[in-house]
Amino acid sequence: MEHYDGENDYMQQEDDWDRDLLLDPAWEKQQRKTFTAWCNSHLRKAGTQIENIEEDFRDGLKLMLLLEVISGERLAKPERGKMRVHKISNVNKALDFIASKGVKLVSIGAEEIVDGNAKMTLGMIWTIILRFAIQDISVEETSAKEGLLLWCQRKTAPYKNVNIQNFHISWKDGLGFCALIHRHRPELIDYGKLRKDDPMTNLNTAFDVAEKYLDIPKMLDAEDIISTLRPDEKAVMTYVSCYYHAFSGKQKAETAANRICKVLAVNQENEQLMEDYEKLASDLLEWIRRTIPWLENRLPENTMQAMQQKLEDFRDYRRLHKPPKVQEKCQLEINFNTLQTKLRLSNRPAFMPSEGKMVSDINNAWGSLEGAEKGYEEWLLNEIRRLERLDHLAEKFRQKAAIHEAWTEGKEDLLQKRDYETASLSEIKALLKKHEAFESDLAAHQDRVEQIAAIAQELNELDYYDSPSVNARCQRICDQWDALGAMTVKRTEALQRTEKLLETIDQLYLEFAKRAAPFNNWMEGAMEDLQDTFIVHTIEEIQGLSTAHEQFKATLPEADKERQAILGIHNEIAKIVQTYHVNMAGTNPYTTINPQEINAKWDKVRQLVPQRDQALIEEHARQQNNERLRRQFATQANVIGPWIQTKMEEIGRISIEMHGTLEDQLTHLRQYEKSIINYKPKIDQLEGDHQLIQEALIFDNKHTNYTMEHIRVGWEQLLTTIARTINEIENQILTRDAKGISQEQLNEFRASFNHFDRKRTGIMDAEDFKTCLISMGYNLGENEFSRIMSVVDPNRMGIVTFQAFIDFMSRETADTDTADQVMASFKVLAGDKNYILADELRRELPPDQAEYCIARMAPYTGPDGVPGALDYMSFSTALYGESDL
């Protein structure tokens, strides 16, 4: 089915109405009452009504009946059954009929209506009201809600305190409803007695009158509207639409009566237009006839005042008399055309004016008037121009002469001033610029002087009555002009001459500043250097300072020449000032340095030079003494340092090499220790020399690489090394005697240790020690090597000393002897077998030892599966525990 187009826009907007708003109890109450009353106003036509809006429409019968009443169409035959499916079918028929009218139903289903869903039922009724009561409202090309709102605004516009802008709060005071009733039925309400501050009375008055006289049921409660902050828009709109439909029929009757009155009024108006045209045409033609002779009068006047009066009369004619006639002529044509149009639209014959009063006759007479007017205006203008020419020339002469005289006033005094005699260079340049501007201005005024002379000549040629005064004034202007030109040239020469002198002085000032500034800086730097405190540490540095000072002194004669040259510039400036009587207003603009300051600083430099000489001589002597102390310390340090190093190496060789017995090595080392202790006086002497160097604040010594700290550390290391080495030899002797190690074994241990001590430091790292053990036949795993390292390196430093190596090797040798004894004992007890039984142990061993071994045999099984029997490995483990046996 085809849907509505233009009308459907508003319907779509209202289909998406915010149904959540119905949850507001106040609004829901208003909608229930309004929608119920609206439905009953239509159902009464069918002899029925509803009491509860959500209950009475559940079976769909009254809903279909309502749609038939308001649409005037028959719906499909309803189902008369009482079952739910019959009710849903009836409601669906109603909803389908609503949809067939171009209404889009959103979220409204038959099941919800049948279930008595108040929210959906109210939404459905509102959709029906929109489609059948509001949508067809059309006012000035607006429809539906906007059309209804516009109708209300138009009808209530003349009423005070009524401003309809919406369908909620604009109606709260009740005046809107009363205004609508009064506008169409003024006899029903005395609107003048209503008050805006009494909404209850206003609302009840409107509702009662509408119900009693207009057959509009009371759909709203005054209390609900007043107590609600914002009345329900849908309820108000529904009620207002009833006003629209109630008054629309009356309006149609009034329209028919107005149409008849309008036809009679048009006929009367046409007759009046005809009479007005005849009278207006006669008056206009008479005015044209009287005016044309006045415009054709060409008698000239002898004076400008008389011609001005004629012109003023003509302007009054154009400004005051003619415009109303132009308006009359225009209105005459408009009335004629309007009359003809109205007669043609009314099917009446065209209007024919009296003879000579046609529009074309009036246009011809008007053309003659404008022709005479144009000629008169041209004549007036020519005459006025002729008289104005002379007056204009005279006035122009007076104006130009007055302007020129005003311009020349004071110019002669300005040109004769001698202000340049006391001006500075910048002021002279400014005066020159100003004078150049004056010369340009003077040249520009040349045209004005020539124009003044030309105007005076023209006035003479036209025999102007006041020519003598014009000629005398013109002559004075020309004479003054020539005098100004001569004074201008003279001032130009004086300014240029003064500028040249001041530029020469300025150049000398600039030259003085350019040379004085660096010379002044040089002297300040020289004074700073000569007074600067120097700190040197070597004789070479003091010699460098002395050389630089001598070079500085060599530049003094040349500097003195520069000083004299700078002072000569200053003397030259003074000479120019004195010779040409130049009035110098200030000092040198380029510098603050003056000759007195230069001479004072120069004298200060000359005074500081011998003081610097003496300071350098004293410092040179001090550095020579420091150099002697350096050499004295270096001579001893260069002997003691290598001696300590040599002794350290010799002690290292004694501890590593295997010459003689340990007792021989111990004797040799003690002799070394004695010789080292006897060397102590030389160390003490070097300490004394070092003390002198420190007192002299000497921090470096290029003659030696040894410092006292190096010597002290080396001496302490030497004493520590010899003592440690002697202690190691003594410990080796104790180990040898305790373990029964022969000298050959000890030498073998030393040879092995030295071989794997690749770095020759007297110690082996973990990798070197591991390599040594492997070379000696040990089959090492990671766990076994870790166990051995925990023995030889209990502090976990990752190194093995020779003493620890000897202890480990001596223990290994002793363990080998014990293993041989165990093997011999096992063979005696086992006999021909490869295991031992408990009884054999009790027979051969003492009771306590036998029971000890038997108790430890329990976890072991012999090689033939005999319980409690031990092979050699189990026997050794039982006796000695987990060991290397």
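A.B. asks: Report on the overall build of the protein, specifying residues and quantitative values.
C.D. replies: In terms of helices and strands, the protein carries 30 helices and 4 strands. Classification of the 885 residues of the protein by burial places 41% in the buried group. If you take every contact in the protein between residues at least 6 apart in sequence, the share linking residues at least 24 apart comes to 72%. Surface exposure of the protein reaches about 49,500 Å², of which carbon and sulfur atoms provide 51%.

A.B. asks: Break down the environment of K101 for me, with residues and values.
C.D. replies: The topology assignment puts K101 in the loop between α5 (84–100) and α6 (110–114). Between the C-alpha atom of K101 and that of R131, which follows or precedes it by 30 residues, the distance is 8.0 Å.

A.B. asks: Describe the side chain of H435, listing the residues and the values that go with them.
C.D. replies: Assignment of secondary structure puts H435 in helix α16 (residues 425–461). Sequence-distant contacts of H435, defined by excluding residues within four places in its chain, comprise L415, T488, R491, T492 and L495.

A.B. asks: Mind laying out the nonpolar core, listing which residues take part and the relevant values?
C.D. replies: One recurring pattern in soluble globular proteins: nonpolar side chains tend to sit buried together. Counting 78 residues, the largest nonpolar core has W38, I128, F177 and Y243 as the members making the most contacts within it. Top element by residues in this core is helix α7 (residues 118–134). It accounts for 11 residues. Apart from residues lying up to four places away in sequence, Y243 is in contact with W151, F177, L180, I181, A206, A210 and I216. Formed by 48 residues, the second largest nonpolar core is a distinct cluster that contains L669, Y679, L686 and F805.

A.B. asks: Tell me about the pattern of salt bridges, and please be specific about residues and values.
C.D. replies: Considering all chains together, one arrives at 48 salt bridges under this definition. Connected through shared salt-bridge partners, R318, K322, E370, E373 and E377 make up one network.

A.B. asks: For unusual backbone geometry, give the residues involved together with the corresponding values.
C.D. replies: Phi is positive for N161, close to 65 degrees, though the residue is something other than glycine. Following the sequence through the fold, N161 ends up in the loop between α8 (144–156) and α9 (175–184). Residue classification places N161 among the partly exposed residues on the basis of a relative accessible area of 43%. The phi torsion at D215 lies on the positive side, around 60 degrees, for a residue other than glycine. You can see D215 is positioned in the loop between α10 (199–213) and α11 (222–227). The exposed category is assigned to D215, whose relative accessible area is 63%.

A.B. asks: Could you give me a rundown of the confidence of the model for the protein, with the residues and numbers involved?
C.D. replies: Across the protein, the average pLDDT comes to 81, with 88% of residues at 70 or higher. Long-range and interchain partners of residues 1–23, a stretch whose pLDDT sits below 50, account for 45 contacts in this model, where long-range means more than four residues apart. Note that residues 880–885 has pLDDT below 50 and, in this model, 13 contacts with residues that lie over four places away or in other chains.

A.B. asks: For helix α18 (residues 539–554), give the residues involved together with the corresponding values.
C.D. replies: Between its first and last C-alpha atoms α18 spans 23 Å; for 16 residues at 1.5 Å apiece the expected length is 22 Å, and the two agree. The complete set of buried residues in α18 reads I539, I542, H549 and F552. Along the axis of α18, the buried positions cluster into a sector of 140 degrees, meaning they face one direction only. α18 presents Q551 and A554 as exposed residues on the side facing more than 90 degrees away from its buried surface.

A.B. asks: Describe the side chain of H549, listing the residues and the values that go with them.
C.D. replies: Within the element layout of this structure, H549 appears in helix α18. A relative accessible area of 6% places H549 in the buried class. Here H549 is in contact with L530, V609, R612, D613 and L616, once residues within four sequence places are set aside.

A.B. asks: Help me get a handle on the packing of helix α17 (residues 467–531) against helix α19 (residues 556–579), residues and values and all.
C.D. replies: Relative to each other, α17 and α19 sit at 155 degrees, their axes nearing to 10 Å. As far as their axial angle goes, α19 and α17 are roughly antiparallel. Note that α17 runs across α19; the crossing there is left-handed. Packed against α17, whose contacting residues are T504, I505, L508, Y509, E511, F512, R515, A516, F519 and W522, the element α19 presents L556, A559, E562, R563, A565, I566, I569, H570, E572, I573, I576 and V577 at the interface. Broken down by class, the residue content of the contact of α17 with α19 amounts to 15 nonpolar, 2 polar and 5 charged.

A.B. asks: Before we move on, could you go through the packing of aromatic side chains and cite the residues and values that matter?
C.D. replies: The relation between two aromatic rings is expressed through the spacing of the ring centres and the mutual angle of the planes. Scanning the entire structure with this criterion turns up 28 aromatic pairs. For the ring pair W643 and Y679, a centre distance of 3.7 Å and an interplane angle of 10 degrees mean the geometry is stacked. Taken as a pair, W643 in helix α20 (residues 595–656) and Y679 in the loop between α21 (662–677) and α22 (680–695) lie far apart in primary sequence, 36 residues in all. Overall, W643 belongs to the buried group, its relative accessible area being 18%. Its end group placed over the ring of F132, R131 keeps NZ or CZ at 5.2 Å from the ring centre. The cationic tip of K411 hangs over the ring face of W407; the distance from NZ or CZ to the ring centre is 4.9 Å.

A.B. asks: Could you give an account of the environment of Q480, with specific residues and numbers?
C.D. replies: In this fold, Q480 is placed in helix α17. The sequence separation of Q480 and T408 amounts to 72 residues, and the corresponding C-alpha distance is 8.4 Å. Setting aside residues up to four positions removed in sequence, Q480 forms contacts with T408 and E412.

A.B. asks: Describe helix α14 (residues 359–408), naming the residues involved and giving the relevant values.
C.D. replies: With 50 residues, α14 ought to run about 74 Å at 1.5 Å a step, and its terminal C-alpha atoms sit 68 Å apart, in line with that. The largest bend in α14 is about 30 degrees, located at E388. G410, located one to two residues past α14, shows a positive phi value of around 85 degrees.

Reading the values: rules and limits
- Residues numbered from 1 in each chain as written.
- Predicted model: local features only at pLDDT ≥ 70, side-chain atom pairs only at ≥ 80, totals over all residues.
- Heavy atoms only, no water.
- Helix = DSSP H or I, 4+ residues; strand = E, 2+ residues; numbered from the N terminus.
- Buried < 20%, exposed > 50% of the residue type's maximum accessible area, 1.4 Å probe, protein only.
- Contact = heavy atoms within 4.5 Å.
- Areas by Shrake-Rupley, 256 points an atom, 1.4 Å probe, with all protein chains shown as cover.
- Core = buried A, V, L, I, M, F, W, Y, C linked by side-chain atoms within 4.5 Å.
- Salt bridge = Lys/Arg side-chain N within 4 Å of Asp/Glu carboxyl O.
- pLDDT = per-residue confidence, 0-100.
- Expected span 1.5 Å × (residues − 1).
- Arc of directions from axis to C-beta.
- Axes fitted to C-alpha atoms, helices over the stretch in contact; angles between N-to-C directions.
- Parallel < 35°, antiparallel > 145°, perpendicular 65-115°, else oblique.
- Left-handed = near helix turned anticlockwise from the far one by under 90°.
- Nonpolar A, V, L, I, M, F, W, Y, C, P; charged D, E, K, R; others polar.
- Phe/Tyr/Trp six-rings, centres within 6.5 Å; stacked < 30°, edge-to-face > 60°.
- Lys NZ or Arg CZ within 6 Å of the ring centre and 35° of its normal.
- Bend = angle between axes of the 7 residues up to and from the residue.

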